[in-house]
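Inside the fold
Single-letter residue listing:
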Amino acid sequence: MAHEDGLLRELTTLRRGWGLEAERLRSRLGPLVSGWCEIHRTTSDRDARRVLRAAISAAIVDFPPDDRLAVNVALGIAAGTQHARLRDRIGILADRLQVSERTARRRIDRAFTRLAAEIQAAGSQPGDGEPDPDRGWFVQRLKALMRLDTAEPELIEERVIVATQDGLRRISAQFTVPRTDDGLDGERNVAADAQHGVRIVDRSREGQRHFRWLLDLPRPLSRGDSHTFSLVLRVRDGRPIRPSYTFVPLVTCESFEVRVRFDPDRPPRSVWRLDRVAPSVLTDPPQPGAPLDLDGAGEVAQDFAAPQLGYAYGLRWLPD
C-alpha cells in the first residue's frame, strides 16, 4: 500500500501545471513513475512524453469512459486540453461531463487512485518462468578502478542500480578480456569476488574471453528502489592484457567514472580518453588522442555522463 500511495503522489504531481506538456518533463518524474515506464535521466522530454502517453493509455484501457476521460484531461493528453493550469482543464472536464467543477475534481481524484492501483497490480503480477536477470533494472552510477600496481590486474567496479520492477531479486554482471594487440589469443582466467551488496550464485563463460555472473541481491527491490554493490575481478592467467579499460553499456547507465592506477615503476608513455567509440574500432592499432596527465598517485580518472548503449567509453594507453 505504501508503494501505491507513493505512485499516487507522483501521478498527482504530474497533472499539475501543463501536465504532460510541461517543460523539463523528465525532471518532474518521480522514481516510481520513472521506473514503471523505464524512463531514465538520459531520456529526452520528447521521448518521456511519448512513453508516458503510451503507458497511461494502456493502463486505463479498461477504465469506464468517464474515468479514462478524467485521466486524459487532467494530464493534458486529450485534444483541446493543453492549458497551463489544471484548474482550466478541470473546467473542461466539468463541461464535457456536465457536472460541477467540484464533482469533476473528485472524478479526477478517483480515476488517479485507480490508475495507481492498476500500475501497482501490474507490477506485482508474477511472470512466466524465471525473471530475466538482464532486465528490470538500470545503472544509475558505475565507478570503476583498474589497478595495474598489483601482482595481477585487478578491477573494482561499484554500481548503483535502480529497480524498474517490483520484486527484483537477481541481476547479472558481464566482463570480457579484450584481445591483446599482438593478436595472440587463448583461454583467459578471470576470478570474481563480491566485495559487498550481492552474492555470486552462478558463473559461466562464453568462448575464451567472455564471463558472466548471476548475482543475488540481499533483499528484493521494489520499483524505484536503489542498491549499491561492488565486485572485484582479477585476471589470473598471468598473460598480458590489452593496454586499455573500456565500458560498453548493455543496459542504461546514467553516469560512469573510470580510474586507472598505474605501476609507479612502469608508467605509460601516453594515456588518452575513449569517448563514444564503436567497439570494433578497439581492435585497430592505437590512435592516441589528447594526452592525459598522471596525478601524484600515478592515476588517471575520467567521467562520462549518459554513456550510450553499445558504444565504448574509457581509457587507453601506450605502455612504456
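Only a predicted model underlies this, so the values are computations on that prediction, with no experimental measurement involved. (Residues numbered from 1 in each chain as written. Predicted model: local features only at pLDDT ≥ 70, side-chain atom pairs only at ≥ 80, totals over all residues. Heavy atoms only, no water.)

**Some points on the overall build of the protein**
On a plain count of helices and strands, the protein comes out with seven helices and twelve strands. The C-alpha extent of the protein, read off along each of the three principal axes, is 80 × 40 × 30 Å. Counting over 320 residues, the protein shows a buried share of 46%. (Helix = DSSP H or I, 4+ residues; strand = E, 2+ residues; numbered from the N terminus. Buried < 20%, exposed > 50% of the residue type's maximum accessible area, 1.4 Å probe, protein only.)

**Some points on the pairing of strand E9 (residues 255-261)**
Of the two faces of E9, the one holding Phe-256, Val-258 and Val-260 is buried and the one holding Ser-255, Glu-257, Arg-259 and Arg-261 is not buried anywhere. For E9 and strand E11 (residues 299-305), the ladder comprises seven bridges, and the chain directions are antiparallel. Each bridged residue has a counterpart across the sheet, and for Arg-259 the counterpart in E11 is Ala-301. (Pairing = 2+ DSSP bridges.)

**Notes on the environment of Leu-11**
With respect to the secondary-structure elements, Leu-11 resides in helix H1 (residues 2-14). Residue classification places Leu-11 among the buried residues on the basis of a relative accessible area of 1%. Sequence separation between Leu-11 and Phe-112 is 101 residues, and the spatial gap between their C-alpha atoms is 7.3 Å. Apart from the residues within four sequence positions on either side, Leu-11 is in contact with Val-33, Phe-112, Leu-115, Ala-116 and Ile-119. (Contact = heavy atoms within 4.5 Å.)

**Details of the environment of Ala-173**
Inspection of the secondary structure assignment puts Ala-173 in strand E3 (residues 168-176). Considering only alpha carbons, one finds Ala-173 and Leu-214, 41 residues apart in sequence, at a separation of 6.6 Å. The contact partners of Ala-173, leaving out residues within four places of it in the chain, are Phe-211, Arg-212, Trp-213, Leu-215 and Leu-231.

**Thoughts on the pattern of salt bridges**
Side chains bearing opposite charge may pair, as long as their charged atoms lie close to each other. A complete count under the given rule lists 21 salt bridges for this structure. The residue Arg-212 makes a salt bridge to Asp-134 at a minimum N-O spacing of 3.1 Å. Note that Arg-212 is positioned in strand E6 (residues 210-221) and Asp-134 in the loop between helix H7 (101-124) and strand E1 (137-147), a separation of 78 residues in sequence. Using a relative accessible area of 19% as the deciding quantity, one classes Arg-212 as buried. Judged by its relative accessible area of 27%, Asp-134 is partly exposed. Note that Arg-205 is salt-bridged to Glu-187, the shortest N-O span being 4.0 Å. In this pair, Arg-205 sits in strand E5 (residues 199-206) while Glu-187 sits in the loop between E3 and strand E4 (190-196), placing the two residues 18 residues apart along the sequence. (Salt bridge = Lys/Arg side-chain N within 4 Å of Asp/Glu carboxyl O.)

Any functional reading would require information that these geometric values do not contain.
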